[in-house]
Structures are given as C-alpha cells and as structure tokens.
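# Remarks on the overall topology
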Amino acid sequence: MTVNSGSPGWYLRRLTRMGPREVGGRVGDAVRRRRWRSAPPDCPAVTGARFTAVLPAGAVAAVPPDAAKRLIAEADRLMDGHVEYFGVARADLADPDWWGDPKTGRRAPWGYAFDVPYRNEDAVGDIKQIWELSRHQYLTVLAAAYAITGDERYAERVAKHLRLWWAANPPLRGVHWISGIELGIRLLSWVWIRRLLDGWPGAATLFEGNPVARNQIWHHQRWLAAFPSRGSSANNHVIAETAGQFAAACAFGWFPASARWRADALRSLERQLRANTFVSGLNRELATEYHGLVLELGLAAVAEADAAGVPVPASVRLVLLRMTDALAAIVDSRLRPPRQGDADDGHGLVVDGAGTDRWASLLATGDAVFGRLAWWPTVTGTDVRTPLLAALIQPYAKSGTAPAVSRPASRPAHFADAGMTILRGPEEIWCRCDGGPHGFLSIAAHAHADALSVEVRHDGVDVLADPGTFCYHGQPEWRRYFRSTLGHNTLQLDGGDQSVSGGPFLWTRHARSRVLAADTSGDGVARWSAEHDGYQGSVHRRRVELTAARGELRVVDEVRSQHSPRRAARLVFHLGPAITADLVGNRAVLTWTRDGEDRSAVLDLPAELSWRAHRGESDPPLGWYSPGFGRKEPTTALVGTGFADASGARNPPQRWSAPASPTTPRGWRSSPPYSGSAARGARGDQQEAALGVGGGTAGAGPAGDDRL
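Quick caveat, the model's predicted, so the values are computed rather than measured.

## Some details on the state of the cysteines
The final tally for this structure, using the stated rule, is zero disulfides. No disulfide involves C431; its sulfur sits 3.9 Å from the nearest other cysteine sulfur, which is in C433. Residue C431 is classed as buried on the basis of its relative accessible area, which comes to 0%.

## Re the pairing of strand 10 (residues 506–509)
A regular strand places its side chains on the two faces of the sheet in alternate fashion. In the sheet, strand 9 (residues 500–503) pairs with strand 10 via three bridges, with the strands oriented antiparallel. When the bridges of strand 10 are listed, V500 appears paired with R509. Linking strand 9 back to strand 10 in an antiparallel pair, the connection comprises two residues.

## Side note on the pattern of salt bridges
Inspection of the entire model under this criterion finds 46 salt bridges. R554 is the salt-bridge partner of E552, the closest N and O atoms lying 3.1 Å from each other. Pair check on accessibility: E552 and R554 agree, each one buried.

## Focus: the packing of helix 15 (residues 358–370) against helix 16 (residues 385–392)
Each pair of packed helices gets described by two things: the angle between the helix axes and the distance between those axes. At a minimum axis distance of 9 Å, the contact between helix 15 and helix 16 shows a crossing angle of 25 degrees. It follows that helix 15 is roughly parallel to helix 16 by the angle criterion. Along this stretch, helix 15 crosses helix 16, giving a crossing that reads as right-handed. Between helix 15 and helix 16, the residues in contact are R358, S361, L362, A364, T365 and A368 and R385, T386, L389 and A390, respectively. Classifying every residue of the contact of helix 15 with helix 16 gives five nonpolar, three polar and two charged.

## Some remarks on the sheet that holds strand 18 (residues 597–604)
Pairing is antiparallel across the open sheet formed by three strands, whose spatial order is 16-17-18. Edge positions in the sheet fall to strand 16 (580–584) and strand 18, since each of these pairs with one other strand and no more. Within the sheet, the average angular offset between the axes of one strand and its neighbour, ignoring direction, is 15 degrees. Alignment of strand 17 (residues 587–594) against strand 18, held across eight bridges, turns out to be antiparallel. Bridging across to strand 18, R587 finds its partner in D604.

## Focus: the environment of R615
Among the secondary structure elements, R615 is positioned in strand 19 (residues 610–615). When its relative accessible area of 46% is taken as the criterion, R615 is described as partly exposed. Along the chain, R615 and E633 lie 18 residues apart, while their C-alpha atoms are 9.5 Å from each other. Ignoring anything within four residues of it in the chain, the contact list for R615 reads L622, G623, P634, T635 and T636. A distance of 3.4 Å separates a polar side-chain atom of R615 from the backbone oxygen of P634. A distance of 3.2 Å separates polar atoms of two side chains, one belonging to R615 and the other to T636.

## Quick word on the confidence of the model for the chain
One rule of thumb: low pLDDT means the predicted coordinates there are not for detailed reading. On average, residues of the chain score 89 in pLDDT, and 89% of them reach the 70 mark or higher. Here residues 647–684 scores under 50 on pLDDT; set against residues more than four positions off or in separate chains, the count is 165 contacts. Contacts from residues 692–708, a stretch scored under 50 in pLDDT, to residues over four places away or in other chains number 77 contacts.

## Thoughts on the packing of aromatic side chains
Each aromatic ring pair is characterised by the separation of its centres together with the angle its planes make. A full pass over the atoms with the stated rule returns 26 aromatic pairs. When the centroid spacing of 6.0 Å and the interplanar angle of 75 degrees are considered together, the rings of W165 and W190 count as edge-to-face. Of the two residues, W165 is situated in helix 7 (residues 152–168) and W190 in helix 8 (residues 180–196); the sequence distance between them amounts to 25 residues. Looking at W190, the relative accessible area reads 0%, which means it is buried.

## Some details on the pairing of strand 13 (residues 538–547)
The buried fraction of strand 13 is high, at nine of ten residues. Bridge analysis of strand 12 (residues 525–532) against strand 13 gives eight bridges, and the strand direction is antiparallel. Within strand 13, the residue paired with S529 across the bridge is R543. Counting the residues in the hairpin turn of strand 12 and strand 13 gives five residues, including G537, whose phi is positive at 85 degrees. In textbook terms, the turn of a hairpin is the stretch between consecutive antiparallel strands, and for strand 13 and strand 14 (residues 552–561) this stretch comprises four residues, one of which, G551, has a positive phi near 60 degrees.

## Section: the nonpolar core
W190, L197 and F252 are the most contacted members of the largest nonpolar core, which has 147 residues in total. Filtering out sequence-adjacent residues up to four positions away, F252 remains in contact with F51, W190, V191, R194, F207, I217, A247 and S258. Within the second largest apolar cluster, 36 residues are counted, among which are L452, L553, L575 and I579.

## Quick notes on the sheet that holds strand 24 (residues 636–645)
In spatial order, the strands read 8-15-24-19; together these four strands make up an open sheet with antiparallel pairing. Of all strands in the sheet, those bounded by a partner on one side alone are strand 8 (491–493) and strand 19. Neighbour-to-neighbour, the strand axes of the sheet open up by a mean angle of 25 degrees, direction not taken into account. Strand direction decides the pairing type here: strand 15 (residues 566–574) and strand 24, joined by nine bridges, are antiparallel. Across the sheet, the residue bridging to F573 is L638, located in strand 24.

## Digging into unusual backbone geometry
The step from D619 to P620 runs through a cis peptide bond, and the omega angle for that step is 0 degrees. Note that P620 resides in the loop between strand 20 (617–618) and strand 21 (621–622). Even without being a glycine, F470 presents a positive backbone phi close to 75 degrees. By the element assignment, F470 lies in the loop between strand 7 (461–464) and helix 17 (476–482). Given the relative accessible area of 5%, F470 is considered buried.

## Describing empty space enclosed by the protein
This structure, assessed with the given rule, holds four cavities of 30 Å³ or more. Looking at the largest cavity, its volume works out to about 110 Å³. Forming the walls of the largest cavity are 18 residues, and the residues nearest its centre are D434, P437, H438, H448 and D450. Of the residues in the lining of the largest cavity, the class split is six nonpolar, nine polar and three charged. Empty space within the second largest cavity amounts to approximately 70 Å³.

## Some remarks on helix 12 (residues 258–275)
In this model, helix 12 (18 residues) spans 25 Å end to end at C-alpha, consistent with the 26 Å of a helix rising 1.5 Å per residue. Those residues of helix 12 that fall on the buried side of the exposure criterion are S258, W261, A265, L266, S268, L269, E270, Q272 and L273. Those residues of helix 12 hidden inside the fold are in contact with helix 10 (211–226), helix 11 (236–251), helix 13 (288–308) and helix 14 (314–330).

## Topic: the packing of helix 8 against helix 11
Two elements in contact, helix 8 and helix 11, have axes whose closest approach is 7 Å; the angle formed by their N-to-C orientations is 35 degrees. Seen from above, helix 8 lies across helix 11 with left-handed handedness. Residue-level contacts link G180, I181, G184, I185, L187, L188 and V191 of helix 8 to N236, H237, A240, E241, G244, Q245, A247, A248 and A251 of helix 11. Considered class by class, the residues forming the contact of helix 8 with helix 11 number nine nonpolar, six polar and one charged.

Quick notes on the rules
- Residues numbered from 1 in each chain as written.
- Predicted model: local features only at pLDDT ≥ 70, side-chain atom pairs only at ≥ 80, totals over all residues.
- Heavy atoms only, no water.
- Disulfide = S-S within 2.5 Å.
- Buried < 20%, exposed > 50% of the residue type's maximum accessible area, 1.4 Å probe, protein only.
- Pairing = 2+ DSSP bridges.
- Helix = DSSP H or I, 4+ residues; strand = E, 2+ residues; numbered from the N terminus.
- Salt bridge = Lys/Arg side-chain N within 4 Å of Asp/Glu carboxyl O.
- Axes fitted to C-alpha atoms, helices over the stretch in contact; angles between N-to-C directions.
- Parallel < 35°, antiparallel > 145°, perpendicular 65-115°, else oblique.
- Left-handed = near helix turned anticlockwise from the far one by under 90°.
- Contact = heavy atoms within 4.5 Å.
- Nonpolar A, V, L, I, M, F, W, Y, C, P; charged D, E, K, R; others polar.
- Polar contact = N/O pair within 3.5 Å; in protein donor to acceptor, adjacent residues only side chain to side chain.
- pLDDT = per-residue confidence, 0-100.
- Phe/Tyr/Trp six-rings, centres within 6.5 Å; stacked < 30°, edge-to-face > 60°.
- Core = buried A, V, L, I, M, F, W, Y, C linked by side-chain atoms within 4.5 Å.
- 1 Å grid on protein atoms, 1.4 Å probe; cavity = no way out; pocket = protein on both sides within 12 Å on 5 of 7 lines; lining within 4 Å.
- Points joined across faces, edges and corners; volume = space filled by probe spheres on them.
- Expected span 1.5 Å × (residues − 1).

The following block contains the structure:
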C-alpha cells in the first residue's frame, strides 16, 4: 500500500493516534496560525542589550592542535563555497540560495509559512536539503575558525550570510518558519556564533546592536513558545525546541518575555528529557542517532544555564549522565553505536571539521563533565567542541545540585527497559539483539519494523548489518524498504511487516516484543531470547547464543501459530558493505579486509530454504546499505525463502550445521558464520543459525541441538 504524508487518508490515520488533549492543543494551534496570518507584531524596544555569556579565558587555547587543524580545513572549504549535505555536493555556498534544493532543482514557494506544502517534494523539493543549510551550523564552524585563528575573513563571511538570511526570511514568511526543530537548532547556532565571534569588533553590531537580529531572535522565541511539539510528536523535536529556546533566553535575555520563556523552556526541557529517556539511559525512540542528538542538545542547554548562572534541576544532569554511560556501554570496539531506527545525520551543535568522530566527541565531553568510569572504552580522538563545552559546564560533582548516584560498576550489556542486549565475544565480536518496544509514543515516528533483529560486527566491521535509513520524504518506495522487516536481519512472514505503517513517520499497529531471557554474566556462553506478536495469529521467538571459547554466535528462530497456518517465510541476512559473498547452494564464503589484512568466513545456511543473493536491486529495492542520510550503496542480502508450517505434524528435527574454516593472517578464532536447523512440530517451525567471524577452525554446535 502506498501511503503519503499530507494526504486526507494520512491525516485521518494520524488523528486516530492522538489523544483528546493533543487534539485540543492542535486545534488551538490551527486557530493561532490563522490569527498570525496578519502582519506579525514588532519586536519590543530593547535598550542596553549586552552579550555576557562569553567563553572563559583559556577555553579556545585548550582546543587540541589536530582538532583545530581539521576545523580550519573545513572552514576553508566552506569559504571556497563547497559543502556536502546528505550525499549532494554543493559549490554555491559563497552565495547560497536559501530556498533552493540542489538535488531536485526546485525552489520552495514564497508566502505565509504555514501555507507552504513542505511534505510535497514535487512542489517544494527535498525539504531536508533546504532546511539543513538554514540550521546555520556551517556558520558555527566558520565562527569557531575565527575564534581559533583570529582571521576576520571567517567572521565577515558569517556576518554577511546572517544579514542575507535575515533579509530573505522575515518572520513567518517562507519555508524556514514551519518546523520548530529548525527554529530551535538555528537559535542555538546563533548563540554560539555570537559567543565565538566575541573578539571580533563587529560582533555586537551584528547581534545586540542590530534591530534586524533582535527582531529575528524575538520572533523565533515567540514562535517556539506558541507552537511546541505536543502529544504523539513530543520526541527529539521538542528537545530541540526547548533547548534552543532556553539557550536563547539565557544568552539573549534582552526582552520583556525572556524570563518567562527561560523558565517555561527549562521546565519543558526537564520534563521532556525524562520522558524521552529510559531509566537505563537509552533514548526511548530507539533510534541511536537521536540518542546522540538529544544528548548534544541537553549538554548545550546545560552549558547555557551554567554560563548564565541559571540553576538547573538535578534531574537534567542526571539524565544526561545516564545517557552518557549508556552510550559508553553500547559502542563497539571502534566506538560505533548500533545502527538502530531512523538516522538523519542531525546534530545539535557543530564546531568541528570533517573527520571528527561524533561518538568519541560525546564520550570525551562526558569524561570532562561527568568523569569516565573504569569500564568505559578508551577515546583517542580529539575535538573542538569538548573543551568549549567543558569550559562552560560545571563538572557534575561540583555542580552543587547533583544528587549522589550509583553508576554501573561494570559495563552494562542488557538494558531491560529498552529491550536492547549487547553480546560481546573474543576478538571484538559485537552483537546487538533487539527485543524492545516498537519506537516511542503512539506514532513511533522513527521506528523500523525490526523486532528481534540482530546486528553483528567483528572489530568494528559490519558483518550482519542494519541497512540504515537513506531517506524520509519524496521517495516512498525507498522509505518503505529501509524501515521494513525485509530490510532487517530478522524473519518475515507472508511478505508483510511486523508492524503496520500508516505513513513515512506513522505506525498504526505496533508489534509487541518482550525479552524472555538475557544472560550476559560471562560464564562462557552469553544468551538472549525474545519474542514478538507482530504477525497476526503467530508468535515469532528468537534465541541468540554467543559461545566465547569457539567465537560462535548461534541464532534460533521459532514460529508458533494459534490456528496452524502454513505461512510463507523469508529469513534475511544483510551483509555489510565491506563483505564480499560467494554463495553456492546454501554455503556462502565471506571475505573482507580490515586494516590491510584479508579476512574470511563461511556461512552455512539452512538447506531447507531456497537461498539467493540479492545486491543493489531497485524494483523492488533489496540489497542496499545507507552509510548516511541521502546516500546508499549496493551490498549483499542473503534471502532464504520457504514456509513456516505449524500443521501439527511431528516431523523429526532437520539440521543445517557444518563446520567452517575461516582464516585470517592473524589467526582469529571463529565458528561457522551461519549454520542452522529447522524442527517442525505441533506448535511451530524452528530454525537455527550460527555465526562465527574471523579465522581459525571451529565446528557448529552439537548435532540435534534444538533447544530454545
């Protein structure tokens, strides 16, 4: 079924996911939008405006030289007019078109902001391409380059572009006044631009001495106070809105309403950070990049509070502490977190050059603010943002309002509230098992239909990969694929998804998952099992075991049906883009290179299923990997087709299991990459697979083993 956001059917489906309070709030928003159609009010008169939220002495000098070098190289590319957003290279940044989409060549129409059909790519273009430039995060990079070098070329370019943008985008006119997350992030960028330009003689004239700038800042805050994301939309968007509003009300507190905006935003930020975060510290959207975005926004908001001397509830710092510990717990040996759920390359604050590791930067900031624990992974990279934030944020133990908190004594592996379990083995084997909720709130906007999926890496290389996201608007067939059950390492029945989609950011029925067992205690075998009810009339159950001594990962799937149907089944293993697969029958030989070394493994696949390798297919899509938003590349998907038969016949167990002999120059030990078995019985079909990655020789598990 084709579903488009913005169609009458979509609006009806969307309405069914709202509660009465949210409906009432949205009715009020609609009335307010009609009232605001008339000429917007003037910004109140301001006298004596000053900017005092400057960086402490020595903050810029603390930036590591290699991080500064990357930043300056990035700034020089921007000065030359070059930038890339979501896979599209632009060369027009010296004189940008604020409403143009370089991907489609379309321009967003002019007019009252709330009349712009921003979800319609035919009318507007790719809205992400248009909005990204106007987050002004490229200007924070240029401003940071000025702060480090003192070269006024960077400051003058920033000033020129801000003046051009303010003139071209008056309040409530055009595409940049539609979405609260855009206004919130833009305000945060302006705060940091002003801070980083503080040594430039023209900084005060550009901001507090400029009535156009004051008018823009005031209208941004007025907008955010009037149109908060609410109800089923109160996800990462509301965090960006409140963080930007709070930052501006602290740093630009020049207006009669500033104190009220600041207090309201802080209350909302505290409430929404708690609502968006599990007690374990993982983000409730279960989309890892949004964990990073929310953590960046929260740290930036606390920095503004401490710079302005505004007390922050202890719960805010506590949530950020738990988020940081959770991030440290889930990353692999190369500091890569899971590729779970949607990812759109969104950042809260950008002051670094290309090549800076986002996750290493967040962990470095966490170390500076909260202190690292003994089990945290080592961070060797450097960044610009950490010393700047650390110069503003009071260390957790010295904040005065920080409650005593018991932090994990050892590295957590199972996050019960989020349903995420990380299994780790020798030679940096890393496996994420997903038995958690289907996203956050009633629409689960950024969830994928990935219940019970696994993601497996060896020394940071994707072996079994989560394919990613690729796109949001404008390409519905690709949006459907990348968030579908077929697009993940799990079991599909009858060609459908486990959860039912109602549109690009809407799920109308959610598969319910529950973890049955998770034992990561380190007795030599780590175990996890879970089940979900997403297939009507059937329950899919999966068990995963990682045997450290053999480096073997075993996956067992079982389908239990109430009414004994014979259901078409597809078992899918998506390989990472670095993996080459040679499939012959039910055996696939995998090869790849890591740090100049050739590595290999063998997958023995269920002989009872018919196996095919799919790569880079477009009609329909299959065999793709998205390394970042707007980008995709062919990769191999191994798909086994057959039937799940719960007819009640008692057939003897059927095993697919064979030893594998993967080898690498360094002698990594492993077992068969994938082997499996199926056992049909009165209650359902059971399938088993085992994975070993690396080198050496090992056999499959014991013959006849069909335990759950």
